[in-house]
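Listed here are the chains, written in short residue letters.
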Amino acid sequence: MEEDRVVELRTLLAMDMLPLVTGFAESAAKVFGLDDTRGLRLGLAVEEIFVFIVAQARKGETMRLVAKSGGYYVEIACFVSPRLLPTKVMNKTAATDIEDENFLAEMGILLATRMVDRFKLVMEQDKEMGLYFLVEKQYSEVVAQLAMPPKGDYTIDAGGRESLKWFAQQVINSYGIAAPGFFRFPGKVVDMVDSGEYQAILAVDGKGNVGGGMLWRWNGKMAEAYGPYIFQEGLAVRLVEKALEKLARSSAVSVVVRQPTKEFPRDYFEELGLTIAEGKTLNSHTVLYRQLEEDTGMVVFVHSSLQKFVEKCYERLVLPRNIISVECAGENLVPYSLFSVSIDRNQKQAVLSALLVGVDAQSVLIDYVSSLQKQGLSTIFFELDIGKELESLLVPDLRIVGFRPSFVLPWGGQGDVVVFQYAGGE
Amino acid sequence: MAGKFPPLKQLVPAYIHKIEPYIPSKPDDELKQMYGTPFLCRMNNNENVIGPPPQALEVIKRFAPERAAIYPSGDAYHLRQRLGEIYGISPDAFIVGNGANEVIAFVIKAFCQQGDNIITADKTFAVYEWVADFSGFESRLVPLKDYGFDDEAMLAAVDDRTKIIFICNPNNPTGTYWSEGRLRAFLDKVNGQQIVVVDEAYAEFAEAKDFPDGMSLIKEYPNLVIFRTFSKMYALAALRIGYLAGNIDIVNVIRRTCIVYSVNVLAQEAALAVLADDGGHVARTKALVRESKEYLKQQLEILGLPYICGEGNYVIIRLPFSDTLAYRKLMRMGYMVRTMTGFRFPNHIRVTLHAVSVMEGFIRALKTII
């Protein structure tokens with residue numbers, strides 16, 4: 001991300017600063033390319049959160065707002081002291097039903113999250129709480145019937161903007177609903193790659209034909225890849241090898257492919273397990289995974305009820321782990337849990353994870369699932385980081401709420417992550 | 001916490017944010033416990049399995065523990081004097097570092113500033129690229145051609161902000177090399193416009209008759225800087241000592257960025273001792289590597305596994321599955337290899353050559369996983 005695409009405002013948490021804050025948000029949205037309607041949504045979200053937090057603030061406390069152009073989106077992050085965001089409030093934010101009038105009355109923050117395309121809450125490295133509001137730009141859907149490319153001498157490189165747009169359309173032509181929805185918007189794909197958050201490689205011949213391609217994005221230390229999408233035979237291995245070469249000395253330590261295509265050369269990756277994308281038709285996918293570095297082992301904390309599942313995964317994947325069995329022995333936990341939720345409305349998918357494990361975890365999780373389902377999110381995952389001691393205590397609650405362990409994603413968080421998928425309550 | 005936590009997002013430069021720290025392998029005892037293996041054969045770091053020459057062993061044994069209280073020579077004075085005698089150049093034309101890795105950083109810091117770039121290959125020793133990247137400079141990576149450095153493509157990548165060209169000769173991990181003629185032709189084309197670093201970490205293993213002695217070219221090419229290490233052939237890896245040599249005026253510029261006193265006294269004295277070796281250690285090592293290489297090549301052909309093998313005490317093997325999975329499976333059987341994805345050779349492993357008796361065990365383990 002280029003530094004000139006980031007602007008920052010630090011302000012006192014005082015109501016007379018509100019015009020400055022909303023002005024900042026709306027101006028940044030406009031300058032970074034959101035249309036008026038979407039810019040207003042982002043401005044209103046920031047306004048709501050500011051008003052809410054001012055009500056909790058003591059004299060002299062501040063908020064830092066950072067607006068960033070991500071190419072295909074504009075994001076405003078609000079950084080405050082964790083004290084200003086009581087855990088109970090934060091859980092309610094994502095979990096509460098929009099019709100809950102009582103809660104709505106006190107929670108401007110809820111409104112704020114509903115106005116944006118993605119919201120996430122992160123405990124930052126420097127001990128601030130970050131509330132991220134993201135609104136995507138609007139793009140035209142372009143789905144055209146294109147001729148398949150001819151046989152030829154294809155080379156693998158980043159490709160130009162027009163090649164990328166052609167590639168996106170051909171992905172939808174060839175793979176239909178099996179491909180991520182963003183391919184329906186070629187201009188968005190170009191901006192996603194331009195933003196630096198995604199990287200693409202294409203097989204292009206001397207005449208500009210695109211024979212296939214791959215795309216990936218960075219998700220912490222893990223790269224999440226899509227494809228390879230193949231329109232001309234014999235390119236899958238070359239694309240996967242090139243992708244691995246590009247990722248080899250990047251910040252990623254592993255690559256995961258949640259929905260590999262049928263052409264994927266399996267001998268470069270390992271199979272993790274099944275995930276089921278729910279929709280009009282049920283589709284199951286074998287998640288593929290690969291480490292980019294040597295695994296020198298780690299300690300993981302596993303609830304006794306999950307131990308067999310985890311051990312079986314480790315044995316199959318030949319992963320060296322010291323498993324410490326975790327069981328609640330009546331010790332005190334904090335009263336309130338705190339969960340983070342990342343919602344992708346395009347893919348109708350939500351991913352929950354824990355920030356704080358408290359005694360109310362089960363009821364909060366039930367609220368979350370109910371709320372997310374009402375919002376039309378058909379696929380709900382819970383990512384349990386077993387590199388963190390306390391998280392494993394959530395396992396009984398997760399099972400009762402209706403989550404089932406699906407697979408272990410090695411090094412997916414601070415340690416390995418057990419991915420649960422919501423399969424319906426007991 | 002009494003003080004306020006520092007605002008890391010503001011304090012840390014953008015190019016550092018993008019970089020993940022290199023996490024070295026865990027100690028052997030930890031790895032053995034993790035993988036449940038009673039023994040561990042290190043085939044990952046291209047160490048010399050024969051061990052240090054007898055002269056160095058003697059120095060290490062005789063080291064008086066109370067000397068640990070005294071600083072070493074800050075610039076490896078005696079070692080540089082001896083290197084100067086051996087190579088017929090001024091002792092001041094050498095800089096000794098805490099392993100050759102340290103002198104890589106010295107050179108890059110001496111010549112590069114914001115906006116500059118270095119050129120090297122895409123599939124070679126990673127540290128040139130890493131040091132440039134975490135220092136905020138561009139590393140231009142030229143694809144190998146037939147597993148070797150591509151001289152024409154490297155020259156084509158040069159622009160007016162190119163300060164250093166790094167050549168690993170022989171290349172780690174492919175073992176390919178430039179002959180003296182090819183190196184001279186390249187230096188002639190560069191024509192002194194950039195610093196050309198030739199990393200000869202594995203030069204002492206080279207058997208090819210036309211393999212160049214970079215040290216002998218320093219007098220002719222003032223922009224040439226040679227790296228050597230005592231970690232590989234001379235088996236002093238644990239002591240961390242290497243050096244660079246070049247034209248004295250160039251080296252004096254590099255010296256401005258040096259951290260003095262970074263090389264400990266035991267390393268300096270052991271290195272000085274290995275220079276007294278009469279060639280027996282090198283000959284013994286070369287014989288072992290030669291025999292082991294032939295055995296391994298033969299076995300790999302029987303197994304139908306493609307390999308890349310050139311100069312140096314290592315061979316790359318192409319596997320029909322992920323190299324990182326192979327690492328884990330081989331570790332369970334006590335064989336630690338180097339995965340090659342990090343060198344941009346996915347599904348390849350690099351194996352350090354041991355005595356044939358050890359290689360037989362490795363082949364048995366390899367057979368069980370393919």
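Reading the values: the criteria
Residues numbered from 1 in each chain as written. Chains lettered and ligands numbered in written order. Predicted model: local features only at pLDDT ≥ 70, side-chain atom pairs only at ≥ 80, totals over all residues. Heavy atoms only, no water. Helix = DSSP H or I, 4+ residues; strand = E, 2+ residues; numbered from the N terminus. Rg over C-alpha atoms; globule rule 2.2 N^0.38 Å. Buried < 20%, exposed > 50% of the residue type's maximum accessible area, 1.4 Å probe, protein only. Contact = heavy atoms within 4.5 Å. Lys, Arg positive; Asp, Glu negative; His and termini not counted. Charge placed at Lys NZ, Arg CZ, Asp CG, Glu CD. Buried area = accessible area lost by both parts, 1.4 Å probe. Salt bridge = Lys/Arg side-chain N within 4 Å of Asp/Glu carboxyl O. Pairing = 2+ DSSP bridges. Right-handed = clockwise from strand over helix to strand, strands pointing away. Axes fitted to C-alpha atoms, helices over the stretch in contact; angles between N-to-C directions. Parallel < 35°, antiparallel > 145°, perpendicular 65-115°, else oblique. Left-handed = near helix turned anticlockwise from the far one by under 90°. Nonpolar A, V, L, I, M, F, W, Y, C, P; charged D, E, K, R; others polar. Patch = residues over 30% accessible without salt bridge, like charges linked within 9 Å, V, L, I, M, F, W, Y side chains within 5 Å. Areas by Shrake-Rupley, 256 points an atom, 1.4 Å probe, with all protein chains shown as cover. Arc of directions from axis to C-beta. pLDDT = per-residue confidence, 0-100. Phe/Tyr/Trp six-rings, centres within 6.5 Å; stacked < 30°, edge-to-face > 60°. Lys NZ or Arg CZ within 6 Å of the ring centre and 35° of its normal. Polar contact = N/O pair within 3.5 Å; in protein donor to acceptor, adjacent residues only side chain to side chain.

## Re the overall build of chain B
Along chain B, the regular secondary structure elements total 14 helices and 12 strands. By the compact-globule yardstick of 21 Å for 370 residues, chain B fits well, its C-alpha radius of gyration being 21 Å. Taken along the three principal axes of its C-alpha coordinates, chain B extends 65 × 55 × 50 Å. When burial is assessed residue by residue, chain B has 54% of its 370 residues classed as buried. Put simply, 74% of the contacts in chain B that link residues at least 6 apart link residues at least 24 apart. Of note, chain B has its 41 positive side-chain charges centred 5 Å away from the centre of its 41 negative side-chain charges.

## Here we look at the interface of chain A and chain B
Taken together, the 38 residues of chain A in the interface contact 43 residues of chain B. Carbon and sulfur atoms make up 47% of the surface buried where chain A meets chain B, a total of about 3300 Å² over both sides. There are 7 salt bridges connecting chain A and chain B. A salt bridge links Arg-328 of chain B to Glu-270 of chain A; the nearest nitrogen and oxygen atoms lie 2.5 Å apart.

## Side note on the pairing of strand β13 (residues 298–303) of chain A
Residues and elements named next belong to chain A. Of all the 6 residues making up β13, 5 are buried; the element is thus mostly covered by neighbouring parts of the structure. Note that β13 and strand β14 (residues 321–326) share 6 bridges and pair parallel. Opposite Phe-301, over in β14, you have Ile-324 as the bridge partner. As for the winding sense of the linkage, the β-α-β connection from β13 through helix α9 (residues 307–317) to β14 is right-handed.

## Things to note about the packing of helix α13 (residues 323–332) of chain B against helix α14 (residues 356–369) of chain B
Residues and elements named next belong to chain B. Between α13 and α14, whose axes approach to 10 Å, the crossing angle comes to 125°. By the angle between their directions, the pair α13 and α14 is classed as oblique. Remark: the crossing between α13 and α14 carries right-handed chirality. Contacts between α13 and α14 involve Ala-326, Lys-329 and Leu-330 on the former and, on the latter, Phe-362, Ala-365, Leu-366 and Ile-369. Of the residues that constitute the contact of α13 with α14, the class distribution is 6 nonpolar, no polar and 1 charged.

## Topic: a nonpolar patch on the surface
All names here are of chain B. On the surface, a cluster of nonpolar side chains totalling about 320 Å² of accessible area is made up of Tyr-15, Ile-16, Ile-19 and Phe-134. Checked against the element boundaries, Ile-16 lands in helix α2 (residues 14–17). Among the residues examined, Ile-16 registers a relative accessible area of 33% and is labelled partly exposed.

## A closer look at helix α5 (residues 77–87) of chain B
Residue and element names in this part refer to chain B. Buried residues of α5: Leu-79, Arg-80, Leu-83 and Gly-84, and no others. When α5 is viewed along its axis, its buried side chains cluster within an angular range of 140° and face the same direction. Opposite the packed face of α5, turned more than 90 degrees from it, sit the exposed residues His-78 and Glu-85. Those residues of α5 that are buried are in contact with β2 (94–97), β8 (242–246), α10 (248–255) and α11 (265–274).

## Examining helix α7 (residues 186–194) of chain A
An α-helical turn contains 3.6 residues, so a residue and the one three or four places further along point in the same direction. Residues and elements named next belong to chain A. Looking at α7, one finds that the buried residues are Pro-186, Lys-188, Val-189, Val-190, Asp-191 and Met-192. Against the buried residues of α7 lie β5 (129–136), α6 (161–175), β7 (198–204) and β8 (210–219). A positive phi of about 85° marks Gly-196, the residue just after α7.

## Some points on the confidence of the model for chain B
When pLDDT is averaged across chain B, the result is 95; 99% of the residues are at 70 or more. The complex model carries a pTM of 0.88, and its ipTM stands at 0.89.

## A closer look at the packing of aromatic side chains
Tallied over the full model, the rule gives 34 aromatic pairs over all chains. For the ring pair Phe-339 of chain A and Tyr-368 of chain A, a centre distance of 5.9 Å and an interplane angle of 85° mean the geometry is edge-to-face. Of this pair, Phe-339 of chain A sits in strand β15 (residues 338–344) while Tyr-368 of chain A sits in helix α10 (residues 361–374), placing them 29 residues apart in sequence. Comparing Phe-339 of chain A with Tyr-368 of chain A shows no difference in burial state: the two are buried. Pairwise contacts between aromatic rings join Tyr-72, Tyr-73, Trp-166, Phe-167, Tyr-175, Phe-182, Phe-183, Tyr-198, Tyr-226, Tyr-229 and Phe-231 of chain A into one cluster. Across the ring face of Phe-343 of chain B, the terminal group of Arg-249 of chain A is positioned such that the distance to the ring centre comes to 5.5 Å.

## A short note on the side chain of Asp-205 of chain A
All names here are of chain A. Relative to the helices and strands, Asp-205 is located in the loop between β7 and β8. Lys-207 provides the closest opposite charge to the buried, salt-bridge-free Asp-205, at an N-O distance of 6.2 Å. In terms of polar contacts, Asp-205 uses its side chain to reach the backbone amide nitrogen of Gly-208, at 3.0 Å. A distance of 2.8 Å separates the side chain of Asp-205 from the backbone nitrogen of Asn-209, its partner in a polar contact. For Asp-205, the residues in contact, after removing those within four places along its chain, are Pro-150, Asp-153 and Tyr-154.

## Description of the sheet that holds strand β1 (residues 41–43) of chain B
Picture the strands of a sheet paired through backbone hydrogen bonds; they go either parallel or antiparallel. Residue and element names in this part refer to chain B. Strand order in the open sheet formed by 5 strands is β1-β11-β12-β10-β9, with mixed pairing between adjacent strands. In this open sheet, the two edge strands, each paired with only one partner strand, are β1 and β9 (307–308). Relative to strand β11 (residues 335–339), β1 runs parallel, the two being bridged by 3 bridges. If you follow Met-43 over to β11, its bridge partner there is Val-337.

## Side note on the confidence of the model for chain A
Residue and element names in this part refer to chain A. Residue-level pLDDT values for chain A average 86, and 87% of them are 70 or greater. In this model, residues 95–99 is a region of pLDDT below 50 whose contacts with residues beyond four sequence positions or in other chains number 11 contacts. Across residues 278–282, confidence stays below pLDDT 50; counting only partners more than four residues off in sequence or on other chains, it has 5 contacts.

## Quick look at the sheet that holds β2 of chain B
All names here are of chain B. Within the open sheet, the 7 strands sit side by side as β2-β8-β7-β6-β5-β3-β4. Their pairing is mixed. In this open sheet, the two strands that pair with only one neighbour each are β2 and β4 (138–142). Averaged over all neighbouring strand pairs, the angle between strand axes comes to 20°, with direction disregarded. Relative to β8, β2 is paired through 4 bridges, and the arrangement is antiparallel. Paired with Gly-97 across the two strands is Gly-242, which belongs to β8. Set on the sheet, helix α6 (residues 100–111) makes contact with β2, β5 (162–168), β6 (195–199), β7 (224–229) and β8; between it and β5 the angle comes to about 160°.

## So, the environment of Gly-206 of chain A
All names here are of chain A. Looking at the element boundaries, Gly-206 is found in the loop between β7 and β8. Taking the relative accessible area as the measure of exposure, Gly-206 reaches 83% and is therefore exposed. Separated by 150 residues in the primary sequence, Gly-206 and Leu-356 place their C-alpha atoms 55 Å from one another.

## Structural notes on the pattern of salt bridges
All names here are of chain B. Per the counting criterion, the structure on display carries 45 salt bridges over all chains. Asp-159 is paired through a salt bridge with Arg-140; the nearest N and O atoms lie 2.8 Å apart. Taken as a pair, Asp-159 in the loop between α8 (151–157) and β5 and Arg-140 in strand β4 lie far apart in primary sequence, 19 residues in all. The class of Asp-159 is partly exposed, set by a relative accessible area of 27%. Between Arg-184 and Glu-180 there is a salt bridge, with its nearest N and O atoms 3.0 Å apart.

## Some thoughts on the environment of Val-142 of chain B
Residue and element names in this part refer to chain B. Examined against the element boundaries, Val-142 turns out to sit in strand β4. Measuring from C-alpha to C-alpha, the distance between Val-142 and Gly-242 comes to 26 Å, with 100 residues separating the pair along the chain. Sequence-distant contacts of Val-142, that is, excluding residues within four places in its chain, are made with Ile-119, Thr-120, Ala-121, Asp-122, Asp-150, Ala-153, Met-154 and Ala-157.

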